[in-house]
Amino acid sequence: MLSLVCRRLSKALPDTLKKSKLNLELNLRPQVADHLEIDLPFSKSIWIRSSFINALQGINTRLDTSGQADDVSLFERAIDAVQDQYHFDNAGTPFRFFLAYKALRGDQCTLDGSPRLRQRPMTSLVKALRDLGAEIECLEEEGFAPIRIKSGVESGGSIEMDSSESSQPISALLQIAPYLEGGLEIQLIGTQVSWSYVEQTINLMTAAGAEVEVAGTSIRVKEQPYQHSMNALERDWSSASYWYQFMALRKSGSIFFPQLHTNCLQGDEVLLEFYKNLGVETVVSQAGILIRKVPSHDEHEPLSFDLSSCPDLGPALMCTFGALRKSARFKGIAHLRLKESDRIKTIAEQMHLLGCTLEYDGSDEVRLRRSEPTEKENFVFDSFGDHRIAMALAACIPLTGNSKILNAEVVKKSYPKYWDHLNDFAEIKEW
């Protein structure tokens, strides 16, 4: 049960989160309940893909998005609107999916976003759509937003796509492929990153009636419109990562997540394996997932994690080791630089406060090493406008005791009720 204080805060925070800039002060409560229950948001990646597939069929199956990720409602509002210009803030997935959607329809319009979204590469998707006959103009810098669609795709065929920067362009193109004349074959070039999200896309497409074949680095989609509406919803494993982090930093306690399940469409469930060595035990049941703190054993060698297919786990995992001041290696991290912030750079800047140094080891690996902390109290963390950075830094509270989070409003992008839920553990006030 959530505390009375938390219920009071949950009534107050939504209005506060509407502010364009919100700074919060967190202070660890002297007494924290040993067991709590938290309703996680639904996976925005699954929700948006389901909405996309339904929109392609002309099906409106809108669900209540209150309390869910802002990216979901942003995408659905764009799908419902008929206008000349669309603004996607810093929402990479909705932007890329909507670009493919409008290019398929041949609707003339301009897509734009925040200054950070304008820095995120769109080259592979723009090139692929042009290869399929669409006329697309990058209005300022080639390969980046703002982007103008002048005419739509003409037919399918065989194309190459760079898979080393992001999986989102691949997923965007795959989802429109059943409506392309002759279908589509994509030949992937380069290292495959975030592959679990491509698999998620393919599984949802197949459930909707598409025929998809994967053979090595080639993906073939038959020309065959979707046949089934999609209402696939799963509780979000990415959001669970901050509570695994929180539990790894505690000495005892447990948290239950109703309706969170394993063997699902989300690759991020691998985090339950990642946190075994950090003293977080996962108990699986039909009702949901229980995590609890158990004794852990120090490893003689630094633990190593491959984040190439689960990049959203990077912030929580790196901040876990940073707060514990333990060494670790993280591989497959190059594409973390292209997210809502340059997550490698932003995490590295915050780790110095905790007493760790994040060192580059080539372009795709970093090492976290113990150093002298630059702060011992009154930690001030900057989210750099990145929702996952804000939540991961806040979840260090069991060891920092108190901290301040700049631009805390950004959590609404994926987990709007995060501060409500964290209030069970920390007193939260606007700063």
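Residues numbered from 1 in each chain as written. Predicted model: local features only at pLDDT ≥ 70, side-chain atom pairs only at ≥ 80, totals over all residues. Heavy atoms only, no water.

Visitor: Any chance you could break down the sheet that holds strand S8 (residues 184-189) for me, citing the residues and the numbers?
Guide: Within the open sheet, the four strands sit side by side as S7-S8-S10-S9. Their pairing is mixed. Edge positions in the sheet fall to strand S7 (157-162) and strand S9 (212-215), since each of these pairs with one other strand and no more. This sheet shows a mean twist of 20° between the axes of neighbouring strands, independent of strand direction. The pairing of S9 with strand S10 (residues 218-221) spans four bridges and is antiparallel. Within S10, the position partnered with glutamate 213 by the bridge is arginine 220. (Pairing = 2+ DSSP bridges. Helix = DSSP H or I, 4+ residues; strand = E, 2+ residues; numbered from the N terminus. Axes fitted to C-alpha atoms, helices over the stretch in contact; angles between N-to-C directions.)

Visitor: Describe the packing of helix H5 (residues 123-131) against helix H6 (residues 168-176), with residues and values.
Guide: When two helices pack together, their arrangement is captured by the angle between the axes and the distance separating the axes. Between H5 and H6, whose axes approach to 9 Å, the crossing angle comes to 30°. The angle between the axes of H5 and H6 places the two elements in the roughly parallel class. Contact with H5, carried on its side by Ser124, Leu125, Ala128 and Leu129, involves Pro169, Ala172, Leu173 and Ile176 of H6 and no other residues of that element. Within the contact of H5 with H6, the residues separate by chemical class into seven nonpolar, one polar and no charged. (Parallel < 35°, antiparallel > 145°, perpendicular 65-115°, else oblique. Contact = heavy atoms within 4.5 Å. Nonpolar A, V, L, I, M, F, W, Y, C, P; charged D, E, K, R; others polar.)

Visitor: Explain the side chain of arginine 29 to me, using residue names and the numbers behind them.
Guide: Here arginine 29 lies in the loop between strand S1 (24-28) and strand S2 (35-37). Residue arginine 29 is classed as buried on the basis of its relative accessible area, which comes to 15%. A polar atom in the side chain of arginine 29 sits 2.8 Å from the backbone oxygen of asparagine 423. (Buried < 20%, exposed > 50% of the residue type's maximum accessible area, 1.4 Å probe, protein only. Polar contact = N/O pair within 3.5 Å; in protein donor to acceptor, adjacent residues only side chain to side chain.)

Visitor: Can you tell me about the sheet that holds strand S6 (residues 147-151), naming the residues and giving the values?
Guide: Taken in spatial order, the four strands make up an open sheet running S3-S4-S6-S5, and their pairing is mixed. Across the chains shown, the open sheet's two edge strands, defined by having one partner strand only, are strand S3 (85-87) and strand S5 (135-138). Here the strands of the sheet are splayed against their neighbours by 20° on average, with no regard to which way each runs. Pairing of S5 with S6, which is carried by four bridges, proceeds in the antiparallel orientation. Directly across from glutamate 135, in S6, lies its bridge partner serine 151. Packing of H5 onto the sheet brings it into contact with S5 and S6, and relative to S5 it is tilted by some 150°.

Visitor: An account of the packing of aromatic side chains is requested, with residue identities and associated values reported.
Guide: Under the criterion given, the structure shown has 23 aromatic pairs. For the ring pair phenylalanine 274 and phenylalanine 305, a centre distance of 5.1 Å and an interplane angle of 75° mean the geometry is edge-to-face. You can see phenylalanine 274 sitting in helix H9 (residues 271-274) and its partner phenylalanine 305 sitting in strand S14 (residues 303-306), a full 31 residues away along the chain. Linked through ring pairs, Phe52, Phe75, Tyr86, Phe88, Phe95, Phe97, Phe98 and Tyr101 together constitute an aromatic cluster. (Phe/Tyr/Trp six-rings, centres within 6.5 Å; stacked < 30°, edge-to-face > 60°.)

Visitor: Tell me what's going on with the environment of valine 72, and back it up with residues and numbers.
Guide: Tracing the sequence through the fold places valine 72 in helix H3 (residues 70-80). Note on valine 72: relative accessible area 2%, which makes it buried. C-alpha of valine 72 to C-alpha of glutamine 350: the two residues are 278 residues apart in sequence and 29 Å apart in space. When neighbours within four sequence positions are excluded, valine 72 is seen to be in contact with Lys44, Trp47, Ile48 and Thr65.

Visitor: Residue-level account of the pairing of strand S4 (residues 109-112), with values.
Guide: Every second residue of S4 is oriented toward a common face, with Cys109 and Leu111 on one face and Thr110 and Asp112 on the other, all of them buried. Sheet topology places S3 next to S4; three bridges connect them, and they run parallel. Opposite glutamine 85, over in S4, you have threonine 110 as the bridge partner. Chirality of the crossover, the property in question, places the unit of S3, helix H4 (residues 92-105) and S4 among those that are right-handed. Sheet analysis places S4 next to S6, joined by three bridges and oriented antiparallel. Directly across from cysteine 109, in S6, lies its bridge partner isoleucine 149. (Right-handed = clockwise from strand over helix to strand, strands pointing away.)

Visitor: How would you explain the pattern of salt bridges if you had to name every residue and give the values?
Guide: Under the definition given, this model contains 21 salt bridges. Measuring nitrogen to oxygen at the nearest pair gives 3.5 Å for the salt bridge that ties glutamate 185 to arginine 220. One end of the pair, glutamate 185, is in strand S8; the other, arginine 220, is in strand S10, and 35 residues separate them in sequence. Notably, a salt bridge pairs lysine 222 with glutamate 211, separated by 3.9 Å at the nearest N-O pair. (Salt bridge = Lys/Arg side-chain N within 4 Å of Asp/Glu carboxyl O.)

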